[in-house]
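Here is how the chains run, residue by residue.
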Amino acid sequence: MADKSTIRAEAARLLARFEQVGAQVIEADILQPAGTLLDLYGEDIRARAYVTNDPVMGEAMLRPDFTVPVVQMHMTNGAEPARYAYMGEVFRAQEEAAHRAPEHFQVGYELFERDNPPAADAEVFSVISQSLEGLDLRAATGDMGLLLAAVRGLKTTDRRKAALLRHIWRPRRFRALLDRFSGRAPQPAGREEMLAQADPMGCDAPMIGLRSRSEIAARVETLRADAEAAPISGLEVDLLDDLLALRETSPNVLDHLRDLAVDMPSISLAVDRMEARLDAMSARGVDVDTLDFEGSYGRTSMEYYDGFVFGFYAETRPDLPPVATGGRYDALTRVLGKGREIPAIGAVIRPEMTLEIAQIGQGGEK
């Protein structure tokens, strides 16, 4: 691994490339208010962030990524359209991957553009791809918008759809919920017995925890309503599984998605956006005929991605993290914009990875 000064120099080189294509170079504070991040991601983020307390700011976190502060900055006083570039360190706890550094450099490119989102997708992808020229990398793409649209179109209760949408970035939890809501898995142990009681609250057990008696009773009624709801049909589950299992070149996937949309009309607009994006990428010289697409790609990335997602990987080194990742996050601008919103997409490159891959390509240490 290169030393920090070499990584910083590589980051500066990449930043200059982004500036040359029209991006405004900006800075973001290392110490970020924890409240905003907790509101976005919930308590789960504590497991992968460094949390501290500031006497003025209150609870704070070392910057886990750049996108949130950049969006906040833009939504406060940014013009439209806008292109931003930045470089600096991000900090993420690595409890499950101790071999990875808890801090690393990122160089990013963010585009806020209202008029033509497919063209913006193509621009960010091509800018990142061109910045990585000469490295032996595989590009992977996906579209969270397809899966989000598919879930929103399910013929089931709003509460069930909300639960599935909330856990869409947690594949195991999502699968467990889908199996339960479709009747393919039993209810959690003890639930049927509890719901069969005329008055589940009619017992002598002491009240423990923070929930009030009325809150617990309301939760019981919610569980009763869910138990009485019809299961999600087997056809809809099979269609979702088909969507998630897609792994082919983009044109072949597009043809398959057109067929899926016949039985799953809720994804039609997302399929149209994918077609427009591929046309825009092709116009920028991207070889879309060989571009890989994965139906599940992006589900373990940052939870604000809600559209096109992509990454660049060294296929000969599956042990390494991605060299670059990016995605669309329209909904995040709505959340942080306090009434304003604008379509947006961004991506980051890890300069220490570009240096390591380049060294491997030159016959260096493996």
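Here, the structure is the one placed above.
Throughout what follows, the structure given in this document is the object of discussion. (Residues numbered from 1 in each chain as written. Predicted model: local features only at pLDDT ≥ 70, side-chain atom pairs only at ≥ 80, totals over all residues. Heavy atoms only, no water.)

1. Examining the environment of D65
As a reminder, the rule being used: Secondary structure counts use DSSP, requiring at least four H or I residues in a row for a helix and at least two E residues in a row for a strand, with both numbered from the N terminus. For each residue, the accessible area found with a 1.4 Å probe, counting protein chains only, is set against the maximum for its type, and the residue is called buried under 20%, exposed over 50%, and partly exposed in between. Whenever a nitrogen or oxygen atom comes within 3.5 Å of another N or O atom, the pair is scored as a polar contact, on the condition that within protein one atom can donate a hydrogen and the other can accept it, and that pairs from neighbouring residues in sequence are kept only if both atoms are in side chains.
Here D65 shows up in the loop between β4 (58–62) and α3 (67–77). Taking relative accessible area as the criterion, D65 reaches 4% and is therefore assigned buried. Along the primary structure D65 and Q106 are separated by 41 residues, whereas in three dimensions their C-alpha atoms are 8.6 Å apart. Among the polar contacts listed, one links the side chain of D65 to the side chain of Y304, at a separation of 2.5 Å.

2. Focus on the layout of surface pockets
Going by this rule: Cavities and pockets were defined on a 1 Å grid built over protein atoms only: a cavity is a set of grid points that admits a 1.4 Å probe from which the probe cannot escape, a pocket is an open set flanked by protein on both sides within 12 Å along at least five of seven lines, and lining residues are those with an atom within 4 Å of any such point. Grid points are joined across faces, edges and corners, and a volume is the space filled by probe spheres set on the points.
One number sums up the size of the second largest pocket: a volume of about 760 Å³. Elements that contribute at least two residues to the lining of the second largest pocket include exactly α2 (34–41), α4 (117–131), α5 (144–152), α6 (158–166), α12 (268–283) and α13 (330–336). The biggest single contributor to the lining of the second largest pocket is α13, with five residues.

3. Re the environment of R273
Looking at the secondary structure, you find R273 in helix α12. R273 sits in the partly exposed class, given a relative accessible area of 44%. For the pair R273 and P117, spaced 156 residues apart in sequence, the C-alpha to C-alpha distance is 8.5 Å.

4. Considerations on empty space enclosed by the protein
Our working rule: Polarity classes work like this: nonpolar for Ala, Val, Leu, Ile, Met, Phe, Trp, Tyr, Cys and Pro, charged for Asp, Glu, Lys and Arg, and polar for all others, with Gly in that last group.
Following the criterion strictly, the structure yields two cavities of 30 Å³ or more and no others. Approximately 40 Å³ is the volume found for the second largest cavity. Residue lining of the second largest cavity: T141, S250, M274, R277, L278, M281, L291, F293 and F308, and that is the complete set. At four residues, the largest contribution of residues to the lining of the second largest cavity is made by α12. Partitioning the lining of the second largest cavity into residue classes produces six nonpolar, two polar and one charged.

5. With respect to the packing of aromatic side chains
For the record, the criterion: Within 6.5 Å between ring centres, the rings of Phe, Tyr and Trp (the latter by its six-membered ring) count as paired, and their orientation is classed by plane angle as stacked under 30 degrees, edge-to-face over 60, tilted in between.
In this structure the tally under the stated criterion is 12 aromatic pairs. Measuring from centroid to centroid gives 6.3 Å for F112 and Y329, while their planes differ by 80 degrees, and the two rings are edge-to-face. Taken together, the residues span a long stretch of sequence, with F112 in strand β6 (residues 103–112) and Y329 in the loop between β11 (324–328) and α13 at a distance of 217 residues. Take Y329: its relative accessible area is 1%, and that puts it in the buried class. Between the aromatic rings of F125 and F308, the centroid separation amounts to 6.3 Å while the plane-to-plane angle is 50 degrees, which identifies the pairing as tilted. Residue F125 is located in helix α4, and its partner F308 is located in strand β10 (residues 308–313); the two are separated by 183 residues in the primary sequence. Relative accessible area serves as the criterion here: at 2%, F125 is assigned to the buried category.

Structural measurements only, silent on function.
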